[in-house]
Amino acid sequence: MASEGRPATLQGIAEQLGLHVSTVSRVLNGPAGERGRAASGATADRIRTLARELGYRPNPHATSLRTRRSNLVGVLFPRLSEIVVATIYEGVEEEAARHGLSTFVTNTHDDPGTQRERLTMVLGRRVDGVIIGDAHLDGAALRDPALRAVPFVLVNRRAADARDATDLTAVTCDDHLGGRLVAEHLLALGHRDVAVIAGEAFASTGADRTAGFVERYREAGLALPAYRVRQCRFDTRGGREAATDLLRGTDRPTALFAVNDFAAIGAMGAARDLGLRVGQDLALAGFNDTPLAAELPIPLTSVRSPMAEQGRRAVRQLLRLIAGQPAASERLRPVLVPRASTGQPIGPGLG
């Protein structure tokens, strides 16, 4: 047994079991896909059992020197306090752990200067790869030359103009389709006079959802005038301000599409303050189908996006890049979840 107060070692475990130290090392510390082939099932069980009894812990520093891998993935997000971001990160962390990787996350607050600083910090920790969830459409932060030497994958947002588009792997919801689904729903209910609370102009999530919605209305012969598309922050305050501007006039729309649920909740507050009943005087839809959406006093129609699955798939694509294999962008299919906030079909001539 290990001497009291001294950590168990691979050599000590090997000696007690009469095995070569390399066999023990491959079973306990080898890549996840190789551990099952390092020894027979019975031998591997003996090694793991003794390692647990002795309290063996791998030395991550020694492992990284031996494999030239840190088994560490850096993750950048605007704000981990946002439920959508937190849910995506849960998927990232879950999938990374399945493959023996550790993750750490940093918040950039969607500020370009902070993005550059945090990216430098992340790359300075010798990560094997980076998952970037705060990309702006212009791809400014992705032009950092240091990123050329490190595998990275975008998640939740895509970037349009950073380097050649073929160089960028992004795992996102099919936001354009999600916008079209909302438009189809509102058109089926008879709404012809509509508006969009479009979020921040720099984020592909809001831009693509808005584009899909506007495109479907244009196909129906109902082009939205520019003043019916309002940019705002992705939060309740931004949604409230945008909705107030859209609803306070005499020619108010009969339906609003907010590109995320929190902006939609802010729009609910604006409607209430203006004496409008959501689901009756005004149809309202959001996006992401966060857990809160179904529990509101007036349940919110929303587009369910596969948030955690985006995180899991981003890790899988990153692992392909780390292994020197080609990776591919993925757009995951959303689903519309109709609820009371969009109400019943409206009468002819009212929409």
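Cut-offs used in this document
Residues numbered from 1 in each chain as written. Predicted model: local features only at pLDDT ≥ 70, side-chain atom pairs only at ≥ 80, totals over all residues. Heavy atoms only, no water. Pairing = 2+ DSSP bridges. Helix = DSSP H or I, 4+ residues; strand = E, 2+ residues; numbered from the N terminus. Axes fitted to C-alpha atoms, helices over the stretch in contact; angles between N-to-C directions. Contact = heavy atoms within 4.5 Å. Polar contact = N/O pair within 3.5 Å; in protein donor to acceptor, adjacent residues only side chain to side chain. Salt bridge = Lys/Arg side-chain N within 4 Å of Asp/Glu carboxyl O. Buried < 20%, exposed > 50% of the residue type's maximum accessible area, 1.4 Å probe, protein only. Core = buried A, V, L, I, M, F, W, Y, C linked by side-chain atoms within 4.5 Å.

Asker: Tell me about the sheet that holds strand S10 (residues 301-304), and please be specific about residues and values.
Answerer: In a beta sheet, neighbouring strands pair by backbone hydrogen bonds and run either parallel or antiparallel. With mixed pairing, 6 strands are arranged side by side in an open sheet as S7-S6-S8-S9-S10-S12. In the strand order of this sheet, the two ends are held by strand S7 (229-231) and strand S12 (335-337), each with one partner. Across the sheet, the mean angle from the axis of one strand to that of its neighbour is 20°, orientation sign disregarded. Of the pairings in the sheet, the one linking strand S6 (residues 194-199) to S7 comprises 3 bridges and is parallel in character. Following the sheet pairing, Val 196 is matched in S7 by Val 229. Here helix H10 (residues 261-273) sits on the sheet in contact with S6, strand S8 (255-258), strand S9 (283-288) and S10, set at roughly 155° to S9.

Asker: Give me the side chain of Thr 254: which residues, what numbers.
Answerer: Mapped onto the secondary structure, Thr 254 falls in the loop between helix H9 (236-247) and S8. At 2.7 Å, the side chain of Thr 254 forms a polar contact with the side chain of His 191.

Asker: A description of the pattern of salt bridges should follow, citing residues and the corresponding values.
Answerer: Tallied over the full model, the rule gives 29 salt bridges. Glu 95 is the partner of Arg 316 in a salt bridge, and the nearest nitrogen-oxygen pair spans 3.2 Å. Note that Arg 316 is positioned in helix H11 (residues 307-322) and Glu 95 in helix H5 (residues 83-98), a separation of 221 residues in sequence. When its relative accessible area of 35% is taken as the criterion, Arg 316 is described as partly exposed. Each of Glu 94, Glu 95, Arg 98, Glu 309, Arg 312, Arg 313, Arg 316 and Glu 330 takes part in salt bridges that share partners, so that together they form one network.

Asker: Please set out the nonpolar core residue by residue, giving values where relevant.
Answerer: Membership of the largest hydrophobic core comes to 23 residues, with the highest contact counts inside it found for Ile 197, Ala 243, Leu 247, Leu 256, Leu 284 and Leu 300. Elements represented by at least two residues in this core include exactly S6, H9, S8 and H10. Broken down by element, the residue count for this core peaks at 7 residues, all from H10. Excluding its chain neighbours within four sequence positions, the residues that come into contact with Leu 256 are Ala 195, Ile 197, Ala 243, Leu 246, Leu 247, Ala 267, Leu 282, Ala 283, Leu 284 and Ala 285. Judged by nonpolar contacts, the second largest core, of 21 residues, contains Cys 173, Val 196, Phe 287 and Val 303.

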